[in-house]
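Per-entry structural report
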Amino acid sequence: MNDTTPQVPATPSESEQVISQATSGEYKYGFTSDIDTDIIPAGLSEEVVRLISRKKGEPEWLLDFRLKAFRYWLTLTPPDWAHLDIPPIDFQSISYFAAPKSKTAPKSLEEVDPALIDTFNRLGIPIEEQKALSGMAVDAVMDSVSVKTTHKERLAELGIIFCSFSEAVREYPDLVRKYLGKVVSYRDNFYAALNSAVFSDGSFVYIPKGVRCPMELSTYFRINASGTGQFERTLIVADDDAYVSYLEGCTAPMRDENQLHAAIVEIIVEERAEVKYSTVQNWYAGDAQGRGGVYNFVTKRGLCRGDYSKLSWTQVETGSAITWKYPSCILAGEGSVGEFYSVAVTNNRQQADTGTKMIHTGSNTRSTIVSKGISAGCSQNSYRGLVKVAKDATGVRNYTSCDSLLLSDTCGAHTFPVIDVANPTAVVEHEATTSKISEQQIFYCNQRGIPTEEAVALIVNGYAREVMNKLPMEFAVEAQKLLAITLENSVG
Amino acid sequence: MSKYAQVFGQYLDLCRQVEGRRAAAPLIARLNKAGAEALGRIAGKYRPDPMAVPQTRPDSLFAPDYGVNLMRVDLPVDAAAAFRCGVPNLNSYVGIVANDAFHPTHSLQSLPEGLTVCSLSAVPEHLVEKVINILIHIVDNSVETGDPTEALNALLLSDGILIHAAAGVKVDKAVQIVNISNPATPMLAPRRVVVIAEDDAGLKVLLCDHSQAPTVEHLSVECVSVDAAKGSSIEIYDIEEGQPTSRRAWRLNARQADSSRLSVATAFLQGGISGNGFHVECTGDHTQTSLSGLAICACGQVVDNSVTLVHKGLHGTSRQNFKSALYDDARGGFGGKIVVAPGAMFTDAAQSNKNLIIGDDARMSTAPQLEIYCDEVKCSHGATTGSLDDRAMFYMQSRGIPAEEARRMLTQSFMSDVVDSISFEVLRQRMHVLVEKRLSGAAASCDTCATACGSQPLNTEL
């Protein structure tokens, strides 16, 4: 062996075997609920857009909004700048609407389809239990139509509106019309235009002035019917001095063909208001060979319009075959604050291109970005971010840290940040590191009596802790569970 | 035809018009042909890099209708009168490129054995194939990256320089190439320097860009092609002191073999719009690479440095350090990418980009990137953009140092580590002086620049 040959052992070390074991877990939540759904034929045309609108009994202005978006979408091509290998998607082979057939809103849990209740039970998050134990209000979105909303009465007393998007369109059309598309325009990007044209349902939250939402608001998204895309739309408005913590979690059943998920989340934060938005995303990621899995192409953006407002994004991304997602903040109000904490785990043949945009247009605005990427198997994990400081925004401060952890020699970890500063008073910092779990770290744990398997868990846990700590308590447990599933046997 | 295809197509058309009438050496003729083919392929699919500062993108730089001296019309330049050169105490082998034509000086008459410095039209027979292979490889590669600059340079090139060190030859004295732009009408000057160090050879190259045309817009398309063989060591220093009318598309393409060392340092002190690209491929094991750059920009000057460093071998080490200070309405850009290819184990790569925004209307865009396909690596990058530390300013002012002086001292200290990384001592000392003078507002003129015009006349006659 000459001196240029790498000093690599011929057989995989114990830690490598453990990592390989840990990263080869099968997806546990891959099941299909047998619930009667109402699906319109595949294909997308102006007629389909009109049909969706008609089925949902929407007002004329919303149909116009959809049609404008659809016509604009026709002029666009899918974005190809991400570090992703996306197979061509036939948008005409997708069914754009699937709603559970029983349309009458259930008055109690007994009226809800037992199979649906069972689905949530199998996910480990039964609505009843959550309602009783955690005091969370759950708006469960299943294949696009909101089925069950809890704690509504208690929230209503405070003037808080938390309902499905369709209901909001019916009950509070003025509010929806005032805010819809104000942060994410239908002209924003290809998938935003598609969603604006065909969105089926989602959640609407309005926190009135001075109200602090007493509980975590939670929505559980789940793709169920085969060959249907999920195009939900979330709109959150926190009026002056309001506070809300919103949780969004996703799991999807196992499918052989890829499913498209193109959502939009819009958040408006007024003066001194605060919104905390947490996501645990665990859509089906495909099998170990990369067959199947969800395409998660999401546009999430918040506008901190009021002075001293705050928006905090926390996400734990463990699922999806392909993730294309950049939760962003436009910091327009004086002294407003944006935060982004992310753990993205990719395994097998998953691809993730995720990150954030912090657009500072207001003076004395601050933003923090902490991104942790964990890549295993043959996956590709990219952080992509933008920090932009406008010319008139004085005293801006940003700190960005993105770290990548590599768990195999066949995966990829990439970092693509862009920093654009046009004001001399801004201070913007970015740092990134990429490394693997070293033999020394494992050895250190081993010699203190910690088995290699636990040592890997310990290290990965510690690595992600900075972000996990930002999750609300109720959610952190589930997030850890999902992290454990993705990197099975090593974490949790 | 897209607008980009039109921009680059104008040069293809121009060359077609004079086809068969260009008097070029066989090596250059082959390069012209390869350039035409590559450009034809790039022009159709060209898409501007969204990360780059718009003014420095090839489609912006090449859009104006510049004149190109394809027919080698004699443009008289009194080199002896115009260029007097030499960093004090620097003893170097000097060659001058006036616009796009190479003029050797007397110092090139007595080169040590094993060192060749010559025009690309007069490459020794035994080196022709090697040089053409290196250049064609670079031009072909540019089709993949989609950057038309290398192909355009190859297409339009009429003259260039070869600096070659034979195996085992270590040359302590620097080879200095002084590029002078002095056109009477808007002109595009293609320039190319090929630097080859054979096994265990050592070379130092100093490139100085000057302009004496303050009223005429001119574009220099400069390509530096580097081939570092096993165990060799190459140091390249590039200093730009142009005019507000200067436009520069500068590309460095380097390939490193086992245990080779490459060090490149660039400095922008004066000029107009400058787009610099570095593409380094470390194909061998145990390579060492150091890339650094400093830019002091004011009054609408634009500088963009774009780096792609690809680690393909084992145990590769690389360091990047780029800094800029932007005054007035200057615009800066940095795009740095470290790529660690599959199997490039034990790579240790670090990248740092720090920027000071001092002018109210200045703007800086930074995109430090990592692409890692291998797990046994240590990679990091850091980027900061900000203003001078208020506390440091206050500390100095409270001790009686005027604000302007304090600002200059802090900026100079900010820049000092890039200058200190220059291992070429005479140049390092000179650079400290130049940076200081530049920051204190003295225009970098011929008597303050690295080439120190006025200190000693140069005899360009052989």
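Presented here is an overview of the structure given in this document. (Residues numbered from 1 in each chain as written. Chains lettered and ligands numbered in written order. Predicted model: local features only at pLDDT ≥ 70, side-chain atom pairs only at ≥ 80, totals over all residues. Heavy atoms only, no water.)

Our focus in this paragraph is the overall build of chain B. Of regular secondary structure, chain B possesses nine helices and 19 strands. For chain B, with 462 residues in total, the buried portion stands at 63%. For chain B, contacts bridging at least 24 residues in sequence account for 85% of all contacts bridging at least 6. Total accessible area on chain B is roughly 16,800 Å²; 50% of this is exposed by carbon and sulfur atoms. Computed over 40 positive and 51 negative side-chain charges, the separation of the two mean positions in chain B equals 2 Å. (Helix = DSSP H or I, 4+ residues; strand = E, 2+ residues; numbered from the N terminus. Buried < 20%, exposed > 50% of the residue type's maximum accessible area, 1.4 Å probe, protein only. Contact = heavy atoms within 4.5 Å. Areas by Shrake-Rupley, 256 points an atom, 1.4 Å probe, with all protein chains shown as cover. Lys, Arg positive; Asp, Glu negative; His and termini not counted. Charge placed at Lys NZ, Arg CZ, Asp CG, Glu CD.)

Moving on: the pattern of salt bridges. Within the structure shown, the criterion is met by 44 salt bridges over all chains. Residue Glu274 of chain A is joined to Lys310 of chain A by a salt bridge in which the shortest nitrogen-to-oxygen separation is 4.0 Å. Here Lys310 of chain A lies in strand β14 (residues 310–317) and Glu274 of chain A lies in strand β12 (residues 274–282), a separation of 36 residues in the sequence. We classify Lys310 of chain A as partly exposed; its relative accessible area is 26%. Among the ionic pairs, Arg407 of chain B bridges to Glu404 of chain B, the shortest N-O distance being 3.1 Å. (Salt bridge = Lys/Arg side-chain N within 4 Å of Asp/Glu carboxyl O.)

For Ser220 of chain B, the position within the fold is in strand β8 (residues 218–228). Here the side chain of Ser220 of chain B touches Glu222 of chain B through a polar contact of 3.2 Å, side chain to side chain. (Polar contact = N/O pair within 3.5 Å; in protein donor to acceptor, adjacent residues only side chain to side chain.)

Here we take up unusual backbone geometry. Note: most residues except glycine have negative phi, and most peptide bonds are trans. Notably, Arg272 of chain A is not glycine yet its phi reads approximately 55°, a positive angle. Along the chain, the position of Arg272 of chain A falls in the loop between β11 (264–269) and β12. The backbone of Asn99 of chain B sits at a positive phi, close to 55°, despite the residue not being glycine. Position of Asn99 of chain B among the secondary structure elements: in the loop between β1 (92–98) and β2 (101–104).

On to helix α8 (residues 403–420) of chain B, then. Residues and elements named next belong to chain B. Over its 18 residues, α8 runs 25 Å from end to end, which matches the ideal 26 Å to within 8%, given 1.5 Å per residue. Among all positions in α8, only Ala406, Arg408, Leu410, Thr411, Gln412, Phe414, Met415, Val418 and Val419 are buried. Residues of α8 that are buried make contact with β13 (288–297), β15 (317–326), β17 (347–357), α7 (390–398) and α9 (425–439). (Expected span 1.5 Å × (residues − 1).)

Each partner contributes residues to the interface: chain A has 40 residues there, and chain B has 39 residues. Carbon and sulfur atoms supply 50% of the area buried between chain A and chain B, which totals about 3,000 Å² over both sides. Where chain A packs against chain B, one counts five salt bridges. In this structure, the salt-bridge partner of Asp420 of chain A is Arg363 of chain B, at a minimum N-O distance of 2.5 Å. There are 17 residue pairs in polar contact (both at pLDDT 80 or more) connecting chain A and chain B. Only β20 (380–389), β22 (412–421) and β23 (427–436) of chain A provide two or more residues apiece to the side of chain A that touches chain B. The residue inventory of the side of chain A that touches chain B, partitioned by class, reads 16 nonpolar, 15 polar and nine charged. By the bridge criterion, six bridges tie β22 of chain A to strand β18 (residues 363–372) of chain B in an arrangement that is antiparallel. Note on β18 of chain B: the bridge partner recorded for His414 of chain A is Glu371 of chain B. (Buried area = accessible area lost by both parts, 1.4 Å probe. Nonpolar A, V, L, I, M, F, W, Y, C, P; charged D, E, K, R; others polar. Pairing = 2+ DSSP bridges.)

Take the packing of aromatic side chains next. Residue and element names in this part refer to chain A. Applying the stated criterion across every chain yields a total of 27 aromatic pairs over all chains. Taking 5.2 Å as the distance between ring centres and 65° as the angle between the ring planes, the aromatic pair formed by Phe91 and Phe190 counts as edge-to-face. Taken as a pair, Phe91 in the loop between α3 (60–74) and β2 (98–100) and Phe190 in helix α9 (residues 190–198) lie far apart in primary sequence, 99 residues in all. Residue Phe91 shares its accessibility class with Phe190, and that shared class is buried. Taken together, a centroid distance of 6.3 Å and an interplanar angle of 80° make the contact between Phe297 and Trp324 edge-to-face. Taken together, the positions of Phe297 in strand β13 (residues 294–304) and Trp324 in strand β15 (residues 322–325) put the pair 27 residues apart, joining distant regions of the chain. (Phe/Tyr/Trp six-rings, centres within 6.5 Å; stacked < 30°, edge-to-face > 60°.)

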